[in-house]
Amino acid sequence: MIPEIGQFAMILALLLAVAQSFFGIAGPWRGNARWIQAVYPAVAGQFVMLGLAFGCLVWSLVHNDFTVKLVAGHSNTALPVYFRVAAAWGNHEGSLLFWVFVLSVWTLTVAAFANSLPRPFVARVLGVLGIISVGFLLFSLATSNPFERLPPGMPDGVDLNPVLQDFGLTIHPPMLYVGYVGFSVAFAFACAAMIEGKLDQTWARWTRPWTTVAWMFLTVGIALGAWWAYYELGWGGYWAWDPVENSILMPWLLGTALIHSLSVTDKRGLFKSWTLLLAIMTFSFCLLATFMVRSGVLVSVHSFAADPTRGIFILTFLALTIGGALTLYLWRAPLLRSEAGFDVVSRESFILFNNILLVISTAVVFGGTMAPIFVDLAGLGTMSVGPPYFNVMFLLPIFPLLALVSAGTFARWKRGNLGESRKRILSTLTLATVLGLAVMLGFYGDRSLLGPLGVILGLWIIASALVDPIDRWRRGLSVSPAVLGMTLAHIGLGILTTGITVMESDKLQRDVALAPGEQVQLGDYTFKFQGTEDVDGPNYEAVRAKIEVLYKGRPDSILLPERRNYWVQQQSLAEAALGVSWSRDLLATMGESVGGGVWSMRLQVRPLMRLLWLGSALMALGGLLATLDKRYRRVRAVATEPAQTTLTVQP
């Protein structure tokens, strides 16, 4: 009965989404205030119905209703309850329902917190979001019904994929979905502005906080995914340039360009055409990520489905949605001209150059990810593109991008004159160079070119970001949340760059076979294999190794890696052990037994690994602080007619 309630709730949500779309688009066009008002109960009703549907799915998983195909295929009576809940988004059908539910949360939030904006404009935004919801609900009900029944049912389930049976499943996918689904709001604001034909600075100001929040969540989601892969998959890496990983990185790169371009459109009324195009492109790549994960065109540990029919549906929806948005864009192109100008070395120029480099970076990732597919479709055989390509090609636009971030911090709006800031640029660069060379050559002994260069660029970003807030503090001036958020985000980027560079340049790794009592040396660290013991988990049995780590002969850490065997799926999985500190991470991963008590092991020392997570957290925190700026709460709507609304922006 519960699954039927969930499916019926999805059907009602679809009908409400259709009503939301119709009244949101047609109401302002006809100037009908009642139709505009009707959008809001449709939004609230859709949220309630999708919340009910998702709740029914979770109930079915928690209570082991194995007559539901999804539950039977992704759960088991031995599975801990919290993994049963997380299994709701750990598969294609459930994650798609969660996708639409998250969209309904974003839509309800816009309806609730955009009440200071003109009602016709908000109705158009909600109408566009409704169209997106209609598409995904149709997709779910037609091809991916999460409540599909099994005719006889099963006595027990197949179990959740052992790789997903980790705490990371409970937090990484929700954060990721909130992030890239959130870019649908920026897309809807852009479409609403183009439909209305009022493409001035105000729509950019309305869009900025929503876009920044989406970017913040996507940043957290990507960082959590890297952290999860780092300790769970056993090989010690945090980014493998996997096709599905790349599909999430591309919207983040474009979203980063979008939030900076919006700042220029908001402050100066420039880049309107470019900003609209970025909003369309960012959401397009979010839909593309959905297609890549669910179509089966890519082979990845992160893929959910391999059904070409589903892929065709998403591709068709992508073409219609983005095609419609680009048609609007071409229609309104004559309104996007601006008479304002700016100097070559102004802040506007630096943001534009950075935007171009971010788009080039996206193109590099897109080309490497899709090249094997295009080669296969062209009948030219098979092709593999991996880290050797990405590690080289991605750095080509990223290194100048990092340098421009530092120098651009000192540029002024409109009339740039870097001569006035030359002393600050040179002093921060000199400081970063001295510290970077001292760290890489003196402390780590790195004699390469890229290692010191990456650290210097990272430290230069940090030093440059601190100059303005310190200067304001010395002069007794306040630091706005927007400035503080930008500072923290740039410091986070600098810390992330420094951490990745040091870790990748100076990591140590050995694959060895050890018997109890044997040891191996990695730099100043000695790994002693003490032996193994058998342990039992809730739905697995494991062999746990004990490894004592000495640093320069003194006790440092005890590592307890495991080799687990999950009963239901009879799958063997390595559970890495971590010894963490701010200076380094120690990793030990068990391979297979080679007989006689001897085990294959992968042992690693990764310096400054914690800086990756600290830098990512500061970037996300910077985004959060930026959204708290009071400028976003000072926009008043003064309505005259439902279809004609003027705005006053308080200084």
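Refer to the structure above for everything that follows.
A short tour of the structure in this document, coming up. (Residues numbered from 1 in each chain as written. Predicted model: local features only at pLDDT ≥ 70, side-chain atom pairs only at ≥ 80, totals over all residues. Heavy atoms only, no water.)

## Quick notes on the packing of aromatic side chains
Scanning all chains against the criterion turns up 29 aromatic pairs. Both rings, one in Phe136 and one in Phe317, keep their centres 5.3 Å apart while their planes meet at 85°; by these two values the pair is edge-to-face. Of the two residues, Phe136 sits in helix 6 (residues 119-143) while Phe317 sits in helix 11 (residues 308-332), which places them 181 residues apart along the sequence. With relative accessibility at 2%, the residue Phe136 sits in the buried group. On the basis of relative accessible area, Phe317 is assigned to the buried category, the value being 13%. Where Trp241 meets Phe394, the ring centres are 5.3 Å apart and the plane angle is 65°; that geometry is what we call edge-to-face. Remark: Phe394 occurs in the loop between helix 13 (387-393) and helix 14 (395-408) and Trp241 occurs in the loop between helix 8 (201-232) and helix 9 (243-268); sequence separation between them is 153 residues. Of the two residues, Trp241 and Phe394, both sit in the buried class. Site record: aromatic cluster; members linked through ring pairs are Phe47, Phe54, Trp89, Phe98, Trp99, Phe101, Phe136, Tyr177, Tyr180 and Phe317. (Phe/Tyr/Trp six-rings, centres within 6.5 Å; stacked < 30°, edge-to-face > 60°. Helix = DSSP H or I, 4+ residues; strand = E, 2+ residues; numbered from the N terminus. Buried < 20%, exposed > 50% of the residue type's maximum accessible area, 1.4 Å probe, protein only.)

## Focus on the state of the cysteines
For the structure shown, the criterion picks out zero disulfides. Of all cysteine sulfurs, the one in Cys286 lies closest to Cys191, which takes part in no disulfide; the gap is 13 Å. (Disulfide = S-S within 2.5 Å.)

## Side note on the pattern of salt bridges
By the definition in use, this model includes 18 salt bridges. The salt bridge partner of Arg149 is Asp65, with a shortest N-O separation of 3.6 Å. Separated by 84 residues along the polypeptide, Arg149 in the loop between helix 6 and helix 7 (168-196) and Asp65 in the loop between helix 2 (33-62) and helix 3 (69-74) bring together distant segments of the chain. Across the pair Glu533 and Arg544 runs a salt bridge, and its minimum N-O distance is 3.8 Å. Here the residue Glu533 occupies a position in strand 3 (residues 525-536), and Arg544 occupies one in strand 4 (residues 540-551), the gap between them amounting to 11 residues. What makes Glu533 partly exposed here is its relative accessible area of 43%. Here the salt bridges do not stand alone but share partners, grouping Glu533, Arg544, Glu562, Arg564 and Glu575 into one network. (Salt bridge = Lys/Arg side-chain N within 4 Å of Asp/Glu carboxyl O.)

## Considering the packing of helix 7 against helix 8
At a closest axis distance of 7 Å, the pairing of helix 7 and helix 8 adopts a crossing angle of 155°. Considering their axes alone, helix 7 and helix 8 lie roughly antiparallel with respect to each other. Two packed elements cross with a definite hand, and for helix 7 against helix 8 that hand is left-handed. Along the lines of polarity and charge, the residues of the contact of helix 7 with helix 8 split into 25 nonpolar, eight polar and no charged. (Axes fitted to C-alpha atoms, helices over the stretch in contact; angles between N-to-C directions. Parallel < 35°, antiparallel > 145°, perpendicular 65-115°, else oblique. Left-handed = near helix turned anticlockwise from the far one by under 90°. Nonpolar A, V, L, I, M, F, W, Y, C, P; charged D, E, K, R; others polar.)

## Some points on the side chain of Arg584
Considering the arrangement of structural elements, one finds Arg584 in strand 9 (residues 584-595). Within the structure, the side chain of Arg584 is placed 3.1 Å from the side chain of Tyr525, a separation counted as a polar contact. Once residues within four sequence positions are removed from consideration, Arg584 is found in contact with Tyr525, Asp556, Ser557, Gly579, Val605, Arg606, Pro607 and Leu608. (Polar contact = N/O pair within 3.5 Å; in protein donor to acceptor, adjacent residues only side chain to side chain. Contact = heavy atoms within 4.5 Å.)

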